[in-house]
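# Observations on the three-dimensional arrangement
Listed below are the residues making up each chain.
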Amino acid sequence: MTARAALAAALLSGSLAACAPGARENAAQPARATAASPERAAADADGPSSRPRSACLPVAYEVCFNALDDNCNGALEEGCGVPAGVVQFMIGWDAPRADVDLNVTDPNGELIEAGRVVQSGLIKSRDCPGRRQECAGVNYENVFLEGNKAPTRGTYRVSVALESLGGEQPPVWVNLSCRLGAKRQAFEIRLVAPEDEQHVELTL
Ligand SMILES: [Ca+2]
Ligand SMILES: [Ca+2]
């Protein structure tokens, strides 16, 4: 099956459509905070796959920097100093030296990069692990809509790609959380080798 063909859509209701992972080499599991499950063991044994995951976990507290709304209160990483917005895409991964990239292209076709606000109001807050390991092993990347700007309607294209393993043992497990207004969805992504990539599209 091709990567594109693997984009089994997890359709969201209402005006938001299709936040679906497309795997070249992927599966899914939380980057942290959960123990290995039988499903994960099976995925490890069988090779790449991918799947949506619960947008949140029913626990009493928020775990910082794992790109999950752990306590299911609708807020991602609250109290962790991570900027949030009504449009937001966030990834988090455990492997400290692995270089994973979150590449979001907005409906205007602009790629969201760290340190530059594009016309749609989106900005990327950081690029991990950083050229000089600035993220200090706490690896997450966050694209969010700044301030009170109205979200731009159209299709947002998201890529989660493994740039390099950096000496880490594969697979690298990555959490991806997506928010468009009231709609939220999360994915567990498994990246095995450099240039592995997972695609998601959301339409507002
Ligand atoms: Ca969290
Ligand atoms: Ca939360």
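In case you missed it, the structure is sitting above this.
First, a word on what this report is: a plain description of the structure on this page. Predicted model, so just to flag it, every value in this text is computed and none were measured.

## A word on the coordination of the calcium ion (ligand 1)
Around the calcium ion (ligand 1), the protein contributes the donor atoms Glu 62 (OE), Val 63 (O), Asn 66 (OD1), Leu 68 (O), Asp 70 (OD) and Glu 77 (OE), which lie 2.2 to 2.6 Å from the metal centre. With 6 donor atoms in place around the calcium ion (ligand 1) and angles of 68 to 169° between them, the coordination shape is irregular. Counting along the primary sequence, the residues that act as donors to the calcium ion (ligand 1) give the motif E-V-x2-N-x1-L-x1-D-x6-E. Asp 70 gets classed as buried once you look at its relative accessible area, which sits at 1%.

## Section: the coordination of the calcium ion (ligand 2)
Taken together, Glu 62 (OE), Asp 69 (OD), Asn 71 (OD1), Asn 73 (OD1), Ala 75 (O), Glu 78 (OE) and Glu 78 (OE) make up the protein donors of the calcium ion (ligand 2), found 2.2 to 2.7 Å from the metal. Positions of the donor residues of the calcium ion (ligand 2), expressed as sequence spacing, correspond to E-x6-D-x1-N-x1-N-x1-A-x2-E. Take Asn 73: its relative accessible area is 44%, and that puts it in the partly exposed class.

## Re unusual backbone geometry
With an omega of 5°, the peptide bond running from Cys 128 to Pro 129 counts as cis. Relative to the assigned elements, Pro 129 resides in the loop between β5 (122–124) and β6 (139–145). Here the residue pair Pro 170 and Pro 171 is connected by a cis peptide bond, since its omega of 0° sits within 30 degrees of zero. The backbone phi angle of Phe 65 is positive, close to 70°, even though this residue is not glycine. Structurally, Phe 65 is set in the loop between β2 (51–53) and β3 (87–93).

## A word on the pattern of salt bridges
All chains considered together, the criterion is met by 6 salt bridges. With a shortest N-O distance of 3.5 Å, Glu 113 and Arg 116 are connected by a salt bridge. Among the ionic contacts, a cluster of salt bridges with common partners joins Glu 110, Glu 113 and Arg 116.

## Here's the deal with the packing of aromatic side chains
The final tally for this structure, using the stated rule, is 2 aromatic pairs. Centroid distance Phe 65 to Tyr 140: 5.2 Å. Interplanar angle 5°. Geometry classified as stacked. Of this pair, Phe 65 sits in the loop between β2 and β3 while Tyr 140 sits in strand β6, and the two are 75 residues apart along the sequence. Judged by its relative accessible area of 23%, Phe 65 falls in the partly exposed class. Arranged with centres 5.9 Å apart and planes meeting at 40°, the rings of Phe 89 and Tyr 156 form a pair that is tilted. In this pair, Phe 89 is assigned in strand β3 and Tyr 156 in strand β7 (residues 155–164), connecting sequence segments 67 residues apart. For the pair Phe 89 and Tyr 156, one class covers both residues: buried.

Quick notes on the rules
- Residues numbered from 1 in each chain as written.
- Chains lettered and ligands numbered in written order.
- Predicted model: local features only at pLDDT ≥ 70, side-chain atom pairs only at ≥ 80, totals over all residues.
- Heavy atoms only, no water.
- Donors = N, O, S within 2.8 Å, 3.2 Å for Na, K, Ca; no water.
- Tetrahedral: all angles 85-135°; square planar, octahedral: opposite > 155°, others 65-115°.
- Buried < 20%, exposed > 50% of the residue type's maximum accessible area, 1.4 Å probe, protein only.
- Helix = DSSP H or I, 4+ residues; strand = E, 2+ residues; numbered from the N terminus.
- Salt bridge = Lys/Arg side-chain N within 4 Å of Asp/Glu carboxyl O.
- Phe/Tyr/Trp six-rings, centres within 6.5 Å; stacked < 30°, edge-to-face > 60°.

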